[in-house]
Amino acid sequence: MMKVYYDEEIDALYLQFGEDKPDGVIEIDKGVNIDTIIDGKLTGVEILKASKKIDIDTILSYSLELDPDLFKKKIA
């Protein structure tokens, strides 16, 4: 289950994939970080200054169904 969190005060968006707690962070672009667990699987995405990069109202209004196996693959 994917969860979306937005902190308006600091303008940060977080997409959480599943319940695993991240062990590491990889910065993929300035202000965009992906969280991983020890075996390299993706657990979340953090976007700083999110309102300048995406339409917050749009992302918070969607409901997505994603293949759970997608997040079990290694990324690094």
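Residues numbered from 1 in each chain as written. Predicted model: local features only at pLDDT ≥ 70, side-chain atom pairs only at ≥ 80, totals over all residues. Heavy atoms only, no water.

**Things to note about the environment of tyrosine 14**
No. 1: Note that tyrosine 14 resides in strand β2 (residues 12-17).
No. 2: For tyrosine 14, a relative accessible area of 21% puts it in the partly exposed group.
No. 3: Taking the C-alpha atoms as reference points, tyrosine 14 and valine 45, separated by 31 residues in sequence, lie 5.6 Å from one another.
No. 4: In terms of polar contacts, tyrosine 14 uses its side chain to reach the side chain of aspartate 35, at 2.7 Å. (Helix = DSSP H or I, 4+ residues; strand = E, 2+ residues; numbered from the N terminus. Buried < 20%, exposed > 50% of the residue type's maximum accessible area, 1.4 Å probe, protein only. Polar contact = N/O pair within 3.5 Å; in protein donor to acceptor, adjacent residues only side chain to side chain.)

**A word on the nonpolar core**
No. 1: Residues Leu13, Leu15, Phe17, Val32, Ile34, Leu42, Val45, Ile47, Ala50 and Ile56 constitute the largest nonpolar core, which totals 10 residues.
No. 2: Sorting the residues of this core by element identifies β2, β4 (32-36) and β5 (42-48) as the ones contributing at least two each. (Core = buried A, V, L, I, M, F, W, Y, C linked by side-chain atoms within 4.5 Å.)

**Describing the pairing of β4**
No. 1: The buried fraction of β4 is high, at 5 of 5 residues.
No. 2: Burial along β4 is two-sided: Val32, Ile34 and Thr36 facing one way and Asn33 and Asp35 facing the other are all buried.
No. 3: Where strand β3 (residues 24-29) meets β4, 5 bridges bridge the pair, whose relative direction is antiparallel. When the sheet's bridge partners are listed, isoleucine 26 is paired in β4 with isoleucine 34.
No. 4: Taking the residues between adjacent antiparallel strands as the criterion, β3 and β4 are bridged by 2 residues, where glycine 31 takes a positive phi near 80 degrees.
No. 5: Where β4 lies against β5, 5 bridges are found, and the strand directions are antiparallel. (Pairing = 2+ DSSP bridges.)

**What about the confidence of the model for the protein chain?**
No. 1: Per-residue confidence for the protein chain gives a mean pLDDT of 83, with 78% of residues at or over 70.
No. 2: Averaged pLDDT values over the elements of the protein chain bottom out at 73 in helix α2 (residues 56-61) and peak at 94 in β4. (pLDDT = per-residue confidence, 0-100.)

**Some points on the pattern of salt bridges**
No. 1: Throughout the structure, instances matching the rule amount to 2 salt bridges.
No. 2: Across the salt bridge formed by lysine 3 and glutamate 19, the nearest N and O atoms sit 3.4 Å from each other. Taken as a pair, lysine 3 in strand β1 (residues 2-7) and glutamate 19 in the loop between β2 and β3 lie far apart in primary sequence, 16 residues in all.
No. 3: By relative accessible area, lysine 3 is classed as partly exposed at 32%.
No. 4: Judged by relative accessible area, glutamate 19 falls into the exposed class, the value being 53%. (Salt bridge = Lys/Arg side-chain N within 4 Å of Asp/Glu carboxyl O.)

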